[in-house]
Each structure stands twice: as C-alpha cells, then as structure tokens.
Amino acid sequence: MNKPIIMFDMDGTLLDLAFDDLIWNHKLPERHAKTHQISLEQSNQILFKFYQDHKHTLDWYSTRFWTAKVGVDTFQLQHDHKEFIKPRQGCIALLSSLKQAGYRIWLVTNADERGLALKMNQVDLSSYFEVMISSETIGFAKERFEFWDQLQHMHPFEPRHCVLVDDTAVVLEGAKSFGIEHLITITQPSSSQPERERSKLQYPAINDLRSLIPYLDQINHEKEMNVKTA
Ligand SMILES: [Mg+2]
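A.B. asks: Help me understand the overall build of the protein, please; the structure alone is not making it clear to me.
C.D. replies: Scanning the protein from terminus to terminus reveals 10 helices and six strands. C-alpha atoms of the protein, sized along the principal axes, occupy 70 × 35 × 30 Å. Burial analysis of the protein (230 residues in total) assigns 48% to the buried set. Partitioning the contacts of the protein with sequence separation of at least 6, the portion at a separation of at least 24 is 64%. Working note: accessible area of the protein is about 11,400 Å², and carbon and sulfur atoms make up 51% of it.

A.B. asks: Honestly, the coordination of the magnesium ion in this entry has me stumped. Any pointers?
C.D. replies: When four donors bind a metal tetrahedrally, each ideal donor-metal-donor angle is 109.5 degrees, and when six bind octahedrally, the ideal angles are 90 or 180 degrees. Taken together, Asp 9 (OD), Asp 11 (O) and Asp 167 (OD) make up the protein donors of the magnesium ion, found 2.1 to 2.2 Å from the metal. Site description for the magnesium ion: donor spacing in sequence, D-x1-D-x155-D. By relative accessible area, Asp 9 is classed as buried at 5%.

A.B. asks: What is the right way to look at the nonpolar core in this model?
C.D. replies: Counting 43 residues, the largest nonpolar core has Phe 8, Leu 14, Leu 95, Leu 125 and Leu 212 as its most contacted members. Counting contributing residues per domain, this core is built from domain 1 (5-16 + 87-229) and domain 2 (18-83), each supplying no fewer than three. Excluding residues within four positions of it along the chain, Leu 95 makes contact with Phe 8, Leu 14, Ile 105, Leu 125, Tyr 128 and Phe 129. Membership of the second largest hydrophobic core comes to 20 residues, among which are Val 131, Ile 133, Leu 183 and Tyr 203.

A.B. asks: Would you mind going over the environment of Leu 58 with me for this structure?
C.D. replies: When you line up the elements, Leu 58 lands in the loop between helix H2 (40-54) and helix H3 (63-70). Separated by 96 residues in sequence, Leu 58 and Met 154 place their C-alpha atoms 19 Å apart. The contacts of Leu 58, once residues within four sequence positions are left out, are Ser 135, Glu 136, Gly 139, Phe 140 and Ala 141.

A.B. asks: In this structure, what is going on with the pairing of strand E5 (residues 182-186)? I would like to understand it.
C.D. replies: Where a strand is regular, its side chains alternate between the two sheet faces. Most of E5 is tucked away: five of the five residues are buried. Because side chains alternate across E5, one face comprises the buried residues His 182, Ile 184 and Ile 186, and the other comprises Leu 183 and Thr 185, equally buried. Pairing of strand E4 (residues 162-165) with E5 involves three bridges; the strand directions are parallel. Bridge assignment links Val 165 to a residue of E5, and that residue is Ile 184. Between E4 and its parallel partner E5, the chain crosses via helix H9 (residues 169-177), and the hand of that crossover is right-handed. Relative to strand E6 (residues 205-206), E5 is paired through two bridges, and the arrangement is parallel. Among the inter-strand pairings, Thr 185 is bridged to a residue of E6, identified as Ala 205.

A.B. asks: Which parts of the structure should I look at to understand H2?
C.D. replies: An α-helical segment advances 3.6 residues per turn. Residues three or four places apart therefore align on the same side. Between its terminal C-alpha atoms H2 stretches 21 Å, which fits the 21 Å expected from 15 residues at 1.5 Å a residue. Listing the buried residues of H2 in full gives Ser 43, Leu 47, Phe 50, Tyr 51 and His 54. Taken down its axis, H2 places every buried residue within 100° of arc, on the same side. Summarising the geometry of H2, the exposed residues directed more than 90 degrees from the buried face are Glu 41, Gln 45 and Phe 48. Buried residues belonging to H2 abut helix H1 (18-36) and H3.

How each quantity is defined
Residues numbered from 1 in each chain as written. Predicted model: local features only at pLDDT ≥ 70, side-chain atom pairs only at ≥ 80, totals over all residues. Heavy atoms only, no water. Helix = DSSP H or I, 4+ residues; strand = E, 2+ residues; numbered from the N terminus. Buried < 20%, exposed > 50% of the residue type's maximum accessible area, 1.4 Å probe, protein only. Contact = heavy atoms within 4.5 Å. Areas by Shrake-Rupley, 256 points an atom, 1.4 Å probe, with all protein chains shown as cover. Donors = N, O, S within 2.8 Å, 3.2 Å for Na, K, Ca; no water. Core = buried A, V, L, I, M, F, W, Y, C linked by side-chain atoms within 4.5 Å. Domains from an automatic or database assignment. Pairing = 2+ DSSP bridges. Right-handed = clockwise from strand over helix to strand, strands pointing away. Expected span 1.5 Å × (residues − 1). Arc of directions from axis to C-beta.

Below, the structure is given as structure tokens:
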C-alpha cells in the first residue's frame with residue numbers, strides 16, 4: 001500500500017514562528033519608526049492597520065510588497081536577524097524518520113521565494129523534500145482553493161491520500177475545501193507565545209513534531225482496514 005504524501009507548512013510548523021514574531025512585531029516597528037522619524041507607538045498603530053488590511057492575502061507574505069508599503073527593506077531586516085531562524089521541537093528527528101520510512105515529503109509555504117531561500121540557507125531541510133514550493137510561485141496564497149488546484153497541476157497528488165500539517169486554521173480550511181483528507185495543526189507555533197489549548201483548535205493538534213508518527217500509523221491502519229473490508 002502506498003504511503004500518503006506528507007505536506008508541511010514551514011513557519012510555525014517546521015520552523016519556530018518566534019523569528020517572524022520578532023521581525024514583524026518588534027524589529028519592523030522599530031526600524032519603521034526610525035526611518036520615518038515617528039514614535040514607536042505611532043509606528044505600531046500604522047503597521048497594525050496594514051496587517052489587518054492584508055492578512056491572509058498573497059501580499060501579506062511578500063517582502064517586496066511590505067518593502068514598498070512601509071519604506072523599510074523587510075527582506076534585509078530578516079537577513080540581519082537570520083541567526084534567530086530555528087527549527088521547532090522534533091523537526092529534524094521527524095523528517096529523518098519519515099524519509100527513512102519512505103514517505104514522500106513536501107514543503108508548501110506562504111513565505112515568498114526569497115524568504116524560503118533565506119530560511120533554508122539557515123536551517124537546511126531541503127534534502128528531505130521531494131517538492132518545495134512557495135505560494136509566490138503558484139500565484140495564490142494557501143488559504144485559497146486555487147493554490148491547491150495549481151499545485152496539483154504542477155505536481156500531481158491525490159488529495160484524499162495526503163496529510164497536511166499547518167499551524168494556520170484558514171490554510172487548513174483551504175486545503176479541506178480541495179479535499180485534502182488528513183489535516184493536523186500545531187499547539188505552539190511560536191516559542192515566544194503561549195501554547196494554544198487543544199480543545200479550542202478545530203483540528204487534531206500536536207506540539208513536538210515527532211507526535212505525528214502515531215497519527216500516521218493510525219491513518220495507515222485505517223487505510224488497510226478499508227482495503228480489507230472493501
Ligand atoms: Mg505557518
């Protein structure tokens with residue numbers, strides 16, 4: 001029996017979202033305030049408004065968009081703090097065991113192409129993946145049905161035989177609308193934020209990434225049972 005394809009989100013799933021919190025919620029307001037000679041409070045207000053207006057769109061994930069919008073080179077800002085890019089708990093161990101077990105592993109990220117390259121330069125996970133793709137390449141954010149549709153055109157997959165691990169509920173909903181069957185989320189995407197309560201999340205949730213293995217065993221077991229009873 002074929003094993004499912006396991007698709008992973010990057011930021012907040014394989015990598016600690018604390019880096020992105022640091023950049024977007026601390027370092028950008030600081031540099032934005034300095035650049036425009038305004039107070040940090042004013043800067044926070046302006047940026048908060050921009051964030052609300054663009055959340056979950058392709059622009060939201062584009063360093064080029066933000067650079068043009070706020071007058072700070074947001075790619076350079078990430079580059080300047082790249083030493084804070086870190087894998088989440090159990091990341092390397094999980095990817096190694098999946099690869100050893102013969103799973104096909106994909107990285108599907110809303111980070112733009114330059115952001116993806118910067119992060120893989122810092123924490124090199126690229127050898128584990130059969131496919132690595134940015135929503136910038138696809139032309140739609142992962143929140144959208146069209147992302148999954150385009151992805152399938154570029155890299156054929158059977159949605160009912162895929163697992164997606166992603167820390168963002170809206171992304172999981174997009175994947176669900178396309179028919180991706182097994183959806184798993186993360187309780188603590190950022191080590192600088194408190195862990196989310198499992199009961200408040202809409203999807204089965206793990207924290208240490210190695211906890212994915214029992215889920216996969218269960219999925220494989222259910223598939224086998226379905227074949228036997230079919
Ligand atoms: Mg994420």
